Amino acid sequence: MQSLQQKASEYSGVGQSDAFAIDETNLFERLGLDTFIALSTNFYNRVYDDEEEEWFRAIFVKSKKEDAIRNQYEFFVQRMGGPPLFSQRRGHPALIARHRPFPVTHQAAQRWLHHMQQALDSVTSIDPDSKARMMNFLRHTAFFLVAGDELKSQNQQVPCKHAAQKTTV
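Quick notes on the rules
Residues numbered from 1 in each chain as written. Predicted model: local features only at pLDDT ≥ 70, side-chain atom pairs only at ≥ 80, totals over all residues. Heavy atoms only, no water. Helix = DSSP H or I, 4+ residues; strand = E, 2+ residues; numbered from the N terminus. Contact = heavy atoms within 4.5 Å. Areas by Shrake-Rupley, 256 points an atom, 1.4 Å probe, with all protein chains shown as cover. Phe/Tyr/Trp six-rings, centres within 6.5 Å; stacked < 30°, edge-to-face > 60°. Buried < 20%, exposed > 50% of the residue type's maximum accessible area, 1.4 Å probe, protein only.

### Some details on the overall build of the chain
Logical step 1: Counting its secondary structure elements, the chain contains ten helices and zero strands.
Logical step 2: When the helices and strands of the chain are placed in sequence order, the string is α-α-α-α-α-α-α-α-α-α.
Logical step 3: Taking as baseline every contact in the chain between residues at least 6 positions apart, the subset at least 24 positions apart corresponds to 71%.
Logical step 4: Of the roughly 9700 Å² of accessible surface on the chain, a fraction of 50% belongs to carbon and sulfur atoms.

### A short note on the packing of aromatic side chains
Logical step 1: All told, the structure shown has ten aromatic pairs when counted by the stated rule.
Logical step 2: Arranged with centres 6.2 Å apart and planes meeting at 55 degrees, the rings of Tyr-44 and Tyr-48 form a pair that is tilted. Of this pair, Tyr-44 and Tyr-48 both sit in helix H4 (residues 33-48), four residues apart, which is roughly one turn of the helix.
Logical step 3: Classification of Tyr-44 as buried rests on a relative accessible area of 9%.
Logical step 4: With a relative accessible area of 18%, Tyr-48 lands in the buried category.
Logical step 5: When the ring of Tyr-48 is compared with that of Phe-60, the centres are 6.2 Å apart and the planes differ by 55 degrees; the resulting orientation is tilted. Highlighted residues: Tyr-48 in helix H4 and Phe-60 in the loop between helix H5 (54-59) and helix H6 (65-79), separated in sequence by twelve residues.
Logical step 6: Under the relative-accessibility criterion, Phe-60 is labelled buried at 13%.

What follows is the structure, given as structure tokens:
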């Protein structure tokens, strides 16, 4: 059985070494907090204004745009070398569990990536190397969530490497 990471690489076309190249440099130090806020704001403005694919916009209808922006930029800051803003406020990111209520399909991942690519391209403070590293990570992560959603659809539990191991005495 393939791991979720292997499926994410297969679906996204991004190998794990490219997906996690974001760990080779501190993108938070390179780009700064304001850049991540601008990226997430730009992204969610596109999502909430999406009139081409109303089914996609409908996924976010129960979320406040301001909350979505904050959750995303705090996660990005934390994952890309900055302080643990997301975990301090919301706990472990647990991406698959947090996205469980939503239909994370191949089509939804592609639409999410469409808006993210446009947002990345519009934030001029992000240099080309950082953009490439971020997009590889985000493409892989989007399809990691698709793989997790497929397990949900198969009524399987997703093992979490962070789950506490219980020992019996």
